[in-house]
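# Chains, contacts and geometry: an overview
Each chain, written out:
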Amino acid sequence: MEENQSRTDLTQFAEKVRTLKENIAQVVVGQEQTVDLLLTAILANGHVLIEGVPGVAKTLLARLVAKLVDADFSRVQFTPDLMPSDVLGTTVFNMKSGEFDFHPGPVFADIVLVDEVNRAPAKTQAALFEVMEERQVTIDGKSHRMGDVYTILATQNPVEQEGTYKLPEAQTDRFMMKITMGYPSLDEEVEILERHHRNSALTRLEQINPVITKQELLAMRQQMEQVVVDPSLLRYIALIVQQTRTSKAVFLGASPRASVAILQTAKAMAMIQGRDFVTPEDIQFVTPSVLQHRIILTAEAEMEGFTALKVAQRLINKVEVPK
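Because the structure is predicted, anything quoted here is derived from the model rather than measured. (Residues numbered from 1 in each chain as written. Predicted model: local features only at pLDDT ≥ 70, side-chain atom pairs only at ≥ 80, totals over all residues. Heavy atoms only, no water.)

## Focus: the packing of aromatic side chains
Within this structure, the stated rule accounts for zero aromatic pairs. The ring of Phe129 is capped by Arg174, whose NZ or CZ atom sits 4.7 Å from the centre of that ring. For Arg275, the ring lying beneath its charged end belongs to Phe277, and the centroid distance is 5.5 Å. (Phe/Tyr/Trp six-rings, centres within 6.5 Å; stacked < 30°, edge-to-face > 60°. Lys NZ or Arg CZ within 6 Å of the ring centre and 35° of its normal.)

## Considering a positive patch on the surface
Together, Lys248, Lys310, Arg314 and Lys318 make up a positively charged patch on the protein surface. The residue Lys310 is located in helix 13 (residues 308-318) in this model. (Patch = residues over 30% accessible without salt bridge, like charges linked within 9 Å, V, L, I, M, F, W, Y side chains within 5 Å. Areas by Shrake-Rupley, 256 points an atom, 1.4 Å probe, with all protein chains shown as cover. Salt bridge = Lys/Arg side-chain N within 4 Å of Asp/Glu carboxyl O. Lys, Arg positive; Asp, Glu negative; His and termini not counted. Charge placed at Lys NZ, Arg CZ, Asp CG, Glu CD. Helix = DSSP H or I, 4+ residues; strand = E, 2+ residues; numbered from the N terminus.)

## Comments concerning the pattern of salt bridges
Following the criterion strictly, the structure yields 11 salt bridges and no others. For Lys21, the salt bridge is made with Asp36, and the minimal N-O distance between the two is 2.7 Å. Taken together, the residues span a long stretch of sequence, with Lys21 in helix 1 (residues 2-27) and Asp36 in helix 2 (residues 32-43) at a distance of 15 residues. What makes Lys21 partly exposed here is its relative accessible area of 29%. With a closest N to O distance of 3.1 Å, Glu191 and Arg195 form a salt bridge. You can see Glu191 and its partner Arg195 sitting in helix 7 (residues 186-198), four residues apart, about one turn around the helix. Overlapping salt bridges bring together Glu133, Asp173, Arg257 and Arg294 as one network. (Buried < 20%, exposed > 50% of the residue type's maximum accessible area, 1.4 Å probe, protein only.)

## What about unusual backbone geometry?
Positioned with a positive phi, Asn45 is a non-glycine residue whose angle comes to about 65°. Among the secondary structure elements, Asn45 is positioned in the loop between helix 2 and strand 1 (48-51).

## So, the pairing of strand 4 (residues 89-94)
Relative to strand 5 (residues 99-104), strand 4 is paired through six bridges, and the arrangement is antiparallel. Looking at strand 5, one finds that Gly89 is bridged to Pro104. Hairpin connection from strand 4 to strand 5: four residues lie between these consecutive antiparallel strands, with Gly98 at a positive phi of about 75°. (Pairing = 2+ DSSP bridges.)

## Thoughts on helix 13
All of the buried residues along helix 13 are Ala308, Val311, Ala312, Leu315 and Ile316. Buried residues of helix 13, viewed axially, fall in a sector of 140°; they line one side. For helix 13, the exposed residues lying more than 90 degrees away from the buried face are Arg314 and Asn317. Buried residues along helix 13 sit against helix 9 (231-246), strand 12 (250-252), helix 11 (280-291) and strand 13 (296-297). (Arc of directions from axis to C-beta. Contact = heavy atoms within 4.5 Å.)

## Quick notes on the sheet that holds strand 3 (residues 73-77)
Spatial ordering of the open sheet is given by 3-6-9-1-10, a layout of five strands whose pairing is parallel. Bordering the open sheet on either side are strand 3 and strand 10 (177-180), each of which pairs with just one other strand. Geometrically, the sheet is characterised by an average inter-axis angle of 20° between neighbouring strands, direction not taken into account. Alignment of strand 6 (residues 111-115) against strand 9 (residues 151-156), held across four bridges, turns out to be parallel. Within strand 9, the position partnered with Leu113 by the bridge is Leu153. (Axes fitted to C-alpha atoms, helices over the stretch in contact; angles between N-to-C directions.)

## Overview of the nonpolar core
In terms of nonpolar packing, the biggest core is built from 72 residues, with Leu38 and Ile283 touching the most fellow members. At nine residues, the largest contribution of residues to this core is made by helix 10 (residues 256-272). Once you skip the residues sitting within four places of it in the chain, Ile283 turns out to touch Leu233, Tyr236, Ile237, Ile240, Ile262, Ala266 and Val278. Judged by nonpolar contacts, the second largest core, of 24 residues, contains Leu49, Leu82, Ala127 and Leu167. (Core = buried A, V, L, I, M, F, W, Y, C linked by side-chain atoms within 4.5 Å.)

## Looking at helix 7
Under the 1.5 Å per step criterion, the end-to-end length of helix 7 is 18 Å for 13 residues, consistent within 8% with the ideal 18 Å. Positive phi shows up at Asn199, right after helix 7, with a value of about 60°. (Expected span 1.5 Å × (residues − 1).)

## Some points on the confidence of the model for the protein chain
Of the residues in the protein chain, 93% have a pLDDT of 70 or more, and the chain-wide mean is 83. Across residues 1-6 the pLDDT falls below 50, and counting only partners more than four positions away or on other chains, this stretch makes three contacts in the model. (pLDDT = per-residue confidence, 0-100.)

## Things to note about the environment of Thr138
Tracing the backbone shows Thr138 in strand 7 (residues 136-139). In this structure the C-alpha to C-alpha distance between Thr138 and Ile262, which are 124 residues apart in sequence, comes to 30 Å. Of the polar contacts made by the side chain of Thr138, one reaches the side chain of Ser143; its length is 3.3 Å. (Polar contact = N/O pair within 3.5 Å; in protein donor to acceptor, adjacent residues only side chain to side chain.)

## Brief notes about the environment of Glu32
Of note, Glu32 is situated in helix 2. In this structure, the C-alpha to C-alpha distance between Glu32 and Gln136, residues 104 residues apart in sequence, is 33 Å.

Written as structure tokens, this is what we have:
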């Protein structure tokens, strides 16, 4: 009976996810894979890094997803002159009380959009270290806790672009996923132009209403614990991550944190599909986005034109799929 109850709940969750996707499709054309990965990471309680050239709707998509969850939202635009206190907040002396009051910065919300995270210098990027891992901020020796839903959605332009600072490995490792947003296909671009031409077909962000509450999101995360993962699939994940440490194309392989992230996101992916068990396809779908920002390629591999995403995909293909 309990198992049937669990499956019924998952069907309801899958219905919610379908509604989320339909709402996103009203505003963003295409990008279905990106949307699936983004929802998977949020459900798996992880932070997300979205990379793409300017103009492919990175910020729009992040803002839209935040709008669909009925939670506190804030946005911070990273710039070269941004200071850590501009992000975290600062203590100000209160003349009336004779004490220091803490004024929280924009990171104090449930969902935080950090726009162009690689535009700010290392000192400001490092301000996010503690808040991403511990979900708390320590200022003047006092810790301030974040809420249970706390999620950072960060966007960045490709590193080769003007005025960008490469994120340190220790920080990229704190993002559960790095999602690469590419250009739209020809048909998708035609649809974008048609929507803009008709204007009436454009759905504005202000017209979008929340689809899911904070409580529902937390309930979905709890439900993830009941998703079944066969022992052969745990071994499959471990073998894929081991490949990153032995491959000749990889200078620095992925850590056990990557293995855990693959497991969590694969379970979330199963739930999004309305299943209470993980399949090898779930693992194959999420793994490139979990690995690509955690591996560093050798100079030879880069000179041959390989990208971390391509190498991650090749390493998955090398491992035999469990029957």
